[in-house]
Amino acid sequence: MKGKKNSIGLNVLHMFYSTALSSVLNAIALIVLANYLNSKDYGILSVALAFAMIMSYFTDSGLSEIVLREGSRKNSNIEVILSSYIKLRTILLVVTFGIGFIIIHLTTQSSELINMAYYLIIPMVLGVAMQSIGTTYFKLSEKMQYSGYIKMCSSSCLIIIILIGILLNLNSLLIAFMYGFAYFLAGLFSVFLILKEIKVSLSSPFHKELFSQFWSFLLSGLLFVTLPQIGPLVLEKTLTLSEVGFFAVAYRIPQALTQLPLVIAAAFIPVLFRQFNSNQMIKHRDLNILQIKVMGIIGMGMAIPFYYMSDTIIGIILGEDWVMAATLLKVLSLMLVFQSMSIALADGLTSMGKQNNRTVVQAMALLCGIILYFYLSNRIGIIGASYSGVLIEVIALGGFWLLNPHKWEIAKRALLPYMLYFGSSIFLLNYLLNRYPLISVVIHFILLMLLLLIDKELNRNLQEKLKRVEQVYKKKHVRTSKEVGGGL
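Keep in mind the model is a prediction, meaning the values are calculated, not measured.

Some remarks on helix α16 (residues 355–380)
With 26 residues, α16 extends 36 Å between its outermost C-alpha atoms, agreeing within 8% with the 38 Å of an ideal straight helix rising 1.5 Å per residue. For α16, every residue scored as buried is listed here: Gln355, Arg358, Thr359, Val361, Gln362, Ala365, Leu366, Gly369, Leu372, Tyr373, Leu376 and Ser377. In the stretch just after α16, glycine 381 is the one whose phi turns positive, near 75°.

Put into structure tokens, the structure is as follows:
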């Protein structure tokens, strides 16, 4: 691999700004689409997107995590591993299209939904597959700036192409096609970046270790991708398509923001694998606890404005036609807290070789989710669907924690103090400042910043990471200055 690997701090920095920008662009695309389409068309698009995301995962089937595991081993042949990865993904892509569209035809009677699925899924799944190969390679090489470039390219293409479609006054089917085509363009960009970094020979021998624990990774990854999509898929059977549209609008906002804590996960996971493979168990545990804390704080920070000001936010960005989504957004914002911390716990299990444990928890959460969505949406309607979304994340968090061999250390140093601090803050602010949402947001952010000062362990670790980033930046700056001076 060309070039030097980045530190965790530098990788987090690269991924954070790129993910923040791409999340903003994705949010703009969401707002523009919601204002252009009516609630029924948006509901149909949301169900088609759910199918697209699940099919996109099937083209990977957990292989990206296996590639990270294999590539982190000593003396691994990255060129052979990447070549084998591409071959397997090509086969899975063909199989996915065949099986996926058969399932769509068997499970839905709506011709509108079937047509939109074809227009959206084909370009989108192709594009996501190509993007995923690029991001996996750059995670492995620990050069996350390139993963950030792919992410920003995808979001930029999405907003530009959707705006073009709206300016041309295209119908919902063509808008769906352009949505998918944006992912395809970003996929081509991903391939371009890979070919600049590494020579890939498809004639190289196959790396058979990619099949080790393949089914466990397949099920785990499938469950991870399916969990956020089961809402629209199940609710399409219990609610009207318009109600599905309202739920989807509220759900897409925290779902899009989940990309920010995933930035932290993407930077930590290669190092967690490396530490475990090097038998550095204490370092692995402490690093995973740091990851839980950092991702938890980011999740809390994202949830705060949407919890207290959901009415105002929905009114400003989507207008009065979507006001029904405000209460749903308030409830669903809590997903960000639970999901951020559960992702970190799940990464700890995966990097310790306990992928089967992760799969069991995700399967349990998926089964509970299907039951909850059916039961609560039938009993109390669309608000029940939002409660279900949060309860699924609580179940997943509890399961990942329970199966972790360091669960009591994690509970004592991270989960219990952080959850109690956040929960008590919400309770007090709701009780004292219920009529003043903006003041509640400001005070809760101040309380969150105080947490950084109260937790000395976190404070010390963050300062160390920032110093390393600063040192790397200074070295690069000095080297660049010398090069420029030498050139003169």
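Past the structure itself, the notes keep going.
Structural notes on the packing of helix α2 (residues 39–58) against helix α10 (residues 241–257)
At a closest axis distance of 7 Å, the pairing of α2 and α10 adopts a crossing angle of 65°. The two elements α2 and α10 meet at a crossing, and its hand is left-handed. Residues Ser39, Lys40, Tyr42, Gly43, Ile44, Ser46, Val47 and Leu49 of α2 pack against Leu241, Ser242, Val244, Gly245, Phe246, Ala248, Val249 and Arg252 of α10.

Quick word on the nonpolar core
Judged by nonpolar contacts, the single largest core of 129 residues is most densely connected at Tyr42, Leu120, Ile121, Tyr179 and Tyr373. Per-element tally for this core: the top contributor is helix α12 (residues 281–308), with 15 residues. Dropping the residues within four chain positions of it, tyrosine 373 is found in contact with Ile230, Gly231, Val234, Leu235, Phe247, Tyr251, Ala385, Ser388, Gly389 and Ile392. Core analysis: the second largest hydrophobic core is formed by 20 residues, Ile81, Leu88, Ile133 and Phe273 among them.

Focus: the state of the cysteines
Counted by the stated rule, this structure contains zero disulfides. Left without a disulfide partner, cysteine 153 is nearest to the cysteine sulfur of cysteine 157, which lies 4.0 Å away. Taking relative accessible area as the criterion, cysteine 153 reaches 18% and is therefore assigned buried.

A word on α2
Compared with an ideal rise of 1.5 Å per residue, which puts 20 residues at 28 Å, α2 spans 29 Å between its outermost C-alpha atoms and is within 8% of the ideal. Burial within α2 is extensive, with 16 of its 20 residues counted as buried.

Topic: a nonpolar patch on the surface
A cluster of nonpolar residues, Tyr118, Tyr119, Ile122, Leu174, Phe177, Phe181, Leu185 and Leu188, forms a patch on the protein surface that exposes about 630 Å² of accessible area. Contributing elements (two or more residues each) for the nonpolar patch: α5 (111–140) and α7 (172–197). Among the elements that make up the nonpolar patch, the one with the highest residue count is α7 (five residues). Within the fold, tyrosine 118 resides in helix α5.

Let's talk about the confidence of the model for the protein chain
When pLDDT is averaged across the protein chain, the result is 82; 87% of the residues are at 70 or more. When mean pLDDT is taken per element in the protein chain, helix α17 (residues 382–402) scores highest with 93 and helix α20 (residues 456–487) scores lowest with 61.

Here's the deal with unusual backbone geometry
Even without glycine at this site, asparagine 169 takes up a positive phi of about 55°. Within the secondary structure, asparagine 169 is located in the loop between α6 (144–167) and α7. Residue asparagine 169 is classed as exposed on the basis of its relative accessible area, which comes to 60%.

Notes on the pattern of salt bridges
The final tally for this structure, using the stated rule, is eight salt bridges. In this structure, lysine 40 engages glutamate 112 in a salt bridge whose closest nitrogen and oxygen atoms are separated by 3.7 Å. On the criterion of sequence distance, the pair formed by lysine 40 in helix α2 and glutamate 112 in helix α5 is long-range, its members being 72 residues apart. Residue lysine 40 is classed as partly exposed on the basis of its relative accessible area, which comes to 36%. Since its relative accessible area comes to 40%, glutamate 112 is described here as partly exposed. In this structure, a network of salt bridges that share partners links the residues Arg285, Asp286, Lys293, Glu409, Arg413, Asp455 and Glu457.

How each quantity is defined
- Residues numbered from 1 in each chain as written.
- Predicted model: local features only at pLDDT ≥ 70, side-chain atom pairs only at ≥ 80, totals over all residues.
- Heavy atoms only, no water.
- Helix = DSSP H or I, 4+ residues; strand = E, 2+ residues; numbered from the N terminus.
- Expected span 1.5 Å × (residues − 1).
- Buried < 20%, exposed > 50% of the residue type's maximum accessible area, 1.4 Å probe, protein only.
- Axes fitted to C-alpha atoms, helices over the stretch in contact; angles between N-to-C directions.
- Left-handed = near helix turned anticlockwise from the far one by under 90°.
- Contact = heavy atoms within 4.5 Å.
- Core = buried A, V, L, I, M, F, W, Y, C linked by side-chain atoms within 4.5 Å.
- Disulfide = S-S within 2.5 Å.
- Patch = residues over 30% accessible without salt bridge, like charges linked within 9 Å, V, L, I, M, F, W, Y side chains within 5 Å.
- Areas by Shrake-Rupley, 256 points an atom, 1.4 Å probe, with all protein chains shown as cover.
- Salt bridge = Lys/Arg side-chain N within 4 Å of Asp/Glu carboxyl O.
- pLDDT = per-residue confidence, 0-100.

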